[in-house]
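# Topology and contacts: notes
The chain contents come next:
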Amino acid sequence: MGAKILIIDHNDSFTYNLAGLFEGAGKKVTSVKVWSVDALPQKNLYECLGYDGVVLSPGPGLPEDYPAVKRLLDFLLCAAEGRQGALMPVPILGICLGLQTIVRYFGGRLYNLSHIQHGRQVALLLKGESCAKGTNTPFGTETKLMTGTQTKNDSQAQAETQSQSGAGVHIVNNVENCSAMHLFDGLATPIKVGLYHSWGMDNQSAVPALSVLATAILPAADKEHPREVVMAICHKSLPVYGLQFHPESFMTPGGLQIVLNWLHCIESIKSR
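Residues numbered from 1 in each chain as written. Predicted model: local features only at pLDDT ≥ 70, side-chain atom pairs only at ≥ 80, totals over all residues. Heavy atoms only, no water.

## With respect to the overall build of the protein chain
The helix and strand inventory of the protein chain stands at four helices and 15 strands. Residue pairs in contact within the protein chain that sit at least 24 positions apart in sequence constitute 70% of those at least 6 positions apart. Accessible surface, the protein chain: about 12600 Å² in total, of which carbon and sulfur atoms supply 50%. (Helix = DSSP H or I, 4+ residues; strand = E, 2+ residues; numbered from the N terminus. Contact = heavy atoms within 4.5 Å. Areas by Shrake-Rupley, 256 points an atom, 1.4 Å probe, with all protein chains shown as cover.)

## With respect to the pattern of salt bridges
What the rule picks out here adds up to four salt bridges. Across the pair glutamate 64 and arginine 104 runs a salt bridge, and its minimum N-O distance is 2.6 Å. Highlighted residues: glutamate 64 in the loop between β3 (53-56) and α2 (67-80) and arginine 104 in helix α3 (residues 97-105), separated in sequence by 40 residues. Of the residues examined, glutamate 64 reaches a relative accessible area of 47% and is grouped as partly exposed. The exposure class of arginine 104 is partly exposed, given its relative accessible area of 33%. (Salt bridge = Lys/Arg side-chain N within 4 Å of Asp/Glu carboxyl O. Buried < 20%, exposed > 50% of the residue type's maximum accessible area, 1.4 Å probe, protein only.)

## Regarding the nonpolar core
Ranked by size, the top nonpolar core spans 41 residues in total, and within it Ile5, Phe22, Phe184, Trp262 and Leu263 carry the most contacts. Examining the composition of this core, we find that six residues originate from one element, helix α4 (residues 255-270), more than from any other. By size, the runner-up hydrophobic cluster in this structure holds 33 residues, among which are Val37, Cys48, Leu76 and Leu77. (Core = buried A, V, L, I, M, F, W, Y, C linked by side-chain atoms within 4.5 Å.)

## Here's the deal with α3
Within α3, seven of the nine residues are buried, leaving the element largely enclosed by the surrounding structure. For α3, every residue scored as buried is listed here: Leu97, Gly98, Leu99, Gln100, Thr101, Ile102 and Val103. Glycine 107 sits one or two residues past α3 and shows a positive phi near 95 degrees.

## Describing the pairing of strand β4 (residues 92-95)
A two-sided burial pattern is seen for β4, the buried positions comprising Ile92 and Gly94 on one face and Leu93 and Ile95 on the other. Bridging between β4 and strand β15 (residues 240-243) involves four bridges; their strand directions are parallel. Looking at β15, one finds that leucine 93 is bridged to tyrosine 241. (Pairing = 2+ DSSP bridges.)

## Overview of unusual backbone geometry
Trans peptide bonds make up the majority, and among non-glycine residues the majority have a negative phi. Between threonine 189 and the following residue, proline 190, the backbone shows a cis peptide bond with an omega angle of 5 degrees. Tracing the chain through its elements places proline 190 in the loop between β11 (188-189) and β12 (192-201). A positive phi angle, close to 55 degrees, is found at asparagine 11, a residue other than glycine. Structurally, asparagine 11 can be placed in the loop between β1 (3-9) and α1 (15-23). By relative accessible area, which is 43% here, asparagine 11 ends up partly exposed. Positive phi outside glycine occurs at cysteine 96, with the angle close to 60 degrees. Tracing the backbone shows cysteine 96 in the loop between β4 and α3.

Right under this line is the structure:
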């Protein structure tokens, strides 16, 4: 049976494109409901527990402009701990402003980018010490994508890729233990994504509860020293994920696959 998805709309023009992306997931989704953030204070939050996943949409401004969303997260994460009668957590996916909301909720900081990223396409750098051995970066370990000529590591925690037709093109294919990195399963690399934002997660401020899954190199004020900016995060123990890029954008060709991967995570949680 497909998932019931609730989208919290931060009064953004992309929200219904996002809803359309979920509706395009076929049998994986049975319904998509959109709640305006302005109506959130009047909503009975217990209704949220009837959904299989909650999506925080992109939007203008900063997380502090939407106190009702903080109260929603208080409720959902309280429910995840079993204090509201819920048997299991409701997965959360934050997109753009939604990612920033998750960062601020768990004590992280944001910073104003020196260049507004409206309509820019970039390539992701996948991260994750638990998923692959790689090169240390300011955010941890950069995932090394294996080619067919490399030897598989026996560890079940290593990510691997399988060669696809075409030189230099690979498919990310993560092993079962790397549940967070499953968001990028089945995507040809380099993974191109579309950006529409002017704020980012501050990489100088550690957030103990969160892991960085992907970054991208963006130009800085000093063009000789570009900055590595967080593009995807997850909570270390709760099904909470964030994407700084827009999966619903035409500049994110793998957007539907990322959504399908998140829906697969929801299925895994429902089956426990």
